[in-house]
Amino acid sequence: MNLEERLDSFVRLGDFISGIVSENNDLDDHSVSEFDRILRESYIKNNWFIKDNLLYSLKSLSKNLNRGDIESWILPYKIESEFSSEKRVLIVMAGNIPLVGFHDLISTLIFGYHAVVKLSSSDDVLLPYLWSVICKIDPRWRSRLTYINDLDDRKFDAIIAAGSDTSSRYFEYYFRDIPRLIRGNRNSISVLTGNETDKELDGLSKDIFLYFGLGC
C-alpha cells in the first residue's frame, strides 16, 4: 500500500464512524445492531465506558479523520509514498479512556510499519471492532497488525507504551536496548483569574469531568 492508499483508508474509516454515530444514519440494520452490541460489550467489560463517553470518543475521532487534517499532520514528514517496512512496533495501550491508544496505532500504520498491539483489558472491544472495519475497507491491512497478550516474545524493533510511572520504569528497563517512547503519569494545573468566558469554563469543566476524570 502506498501512502495515499493508507491515508484514504483512514479517511474512509472516519466517514464510517461519522455515519454510525449519527442518529440519522442510513446504514443497514446489521451494521447498526453490531455497533450497538459493541457499545454494550464495551460497557460490560468496563463500567466506566458508558455509552455517552464511548460516543464522545468516536465522534472526536471521526472529526480528526478527515483528509485535510490528516494531510496537514502527515505530509510535512515527507514519507516516501511507497515506503513499507516489516519492522515491528510494539504498542502497549492504556485503558483509562476509550481508544486512548488509537493515535499511536494510526501513526505506526500510516508511516508504513507493522503494528504489534497489546490491548488493555479495560479497552479491548472498540479498537478490534474498528480494525475489522478498516480491513473491510482495504483487506491488505490484515497483514499489518498482530495482537499479543504478553511481552515475552520481545521480537520488536521499537516500542510505544503508556501507563503509570511504575509501569514506565519497567518498560524503560525491559526495553532498554531498542528505540522507545514511554509515557508515564501526567499532571496539570489550571489557574483561574475570574476573567474566563463561559465558553472557556465550559471547556475546562469538560476537560476535568469527561470520562469521569480518568483522562489526562
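What comes next concerns the included structure. Values in this document were obtained by computation on a predicted structure and should not be read as measured data.

**Section: the overall build of the protein**
Broken down by element type, the protein carries 8 helices and 5 strands. Along the protein, helices and strands appear, N-terminal first, in the series α-α-α-α-β-α-β-α-β-β-α-β-α. For 216 residues, the compact-globule estimate of 2.2 N^0.38 gives 17 Å, and the C-alpha radius of gyration of the protein, at 18 Å, lies within 12% of that figure. With the C-alpha coordinates aligned to their principal axes, the bounding extent of the protein is approximately 50 × 45 × 40 Å. Split into buried and exposed, the 216 residues of the protein put 40% on the buried side. In the structure as shown, the protein presents an accessible area of about 12600 Å², 51% of it carried by carbon and sulfur atoms. Here the protein contributes 26 positive and 33 negative side-chain charges, whose respective centroids are spaced 5 Å apart.

**Focus: a nonpolar patch on the surface**
Taken together, the side chains of Trp-48, Phe-212 and Leu-214 make up a nonpolar region of the molecular surface, amounting to roughly 310 Å² of accessible area. Its location among the elements puts Leu-214 in the segment after α8 (198-209).

**Things to note about the pairing of strand β5 (residues 180-183)**
Relative to β5, strand β4 (residues 158-162) runs parallel, the two sharing 4 bridges. Across the sheet, Ile-160 pairs through a bridge with Leu-181, a residue of β5. In the classification by handedness, the crossover that spans β4, the intervening helix α7 (residues 165-174) and the parallel β5 is right-handed.

**Side note on helix α6 (residues 126-137)**
Here α6 contains 12 residues, and its C-alpha end-to-end distance of 17 Å stays within 8% of the 16 Å for a straight helix at 1.5 Å per residue. Among the 12 residues that make up α6, 9 are buried, leaving the element largely enclosed by the rest of the structure. For α6, the set of buried residues is Leu-126, Leu-127, Tyr-129, Leu-130, Trp-131, Val-133, Ile-134, Cys-135 and Ile-137. Taken together, the buried residues of α6 touch α1 (3-21), α2 (29-45), α3 (51-64), α5 (102-110) and β3 (145-147).

Calculation notes
Residues numbered from 1 in each chain as written. Predicted model: local features only at pLDDT ≥ 70, side-chain atom pairs only at ≥ 80, totals over all residues. Heavy atoms only, no water. Helix = DSSP H or I, 4+ residues; strand = E, 2+ residues; numbered from the N terminus. Rg over C-alpha atoms; globule rule 2.2 N^0.38 Å. Buried < 20%, exposed > 50% of the residue type's maximum accessible area, 1.4 Å probe, protein only. Areas by Shrake-Rupley, 256 points an atom, 1.4 Å probe, with all protein chains shown as cover. Lys, Arg positive; Asp, Glu negative; His and termini not counted. Charge placed at Lys NZ, Arg CZ, Asp CG, Glu CD. Patch = residues over 30% accessible without salt bridge, like charges linked within 9 Å, V, L, I, M, F, W, Y side chains within 5 Å. Salt bridge = Lys/Arg side-chain N within 4 Å of Asp/Glu carboxyl O. Pairing = 2+ DSSP bridges. Right-handed = clockwise from strand over helix to strand, strands pointing away. Expected span 1.5 Å × (residues − 1). Contact = heavy atoms within 4.5 Å.

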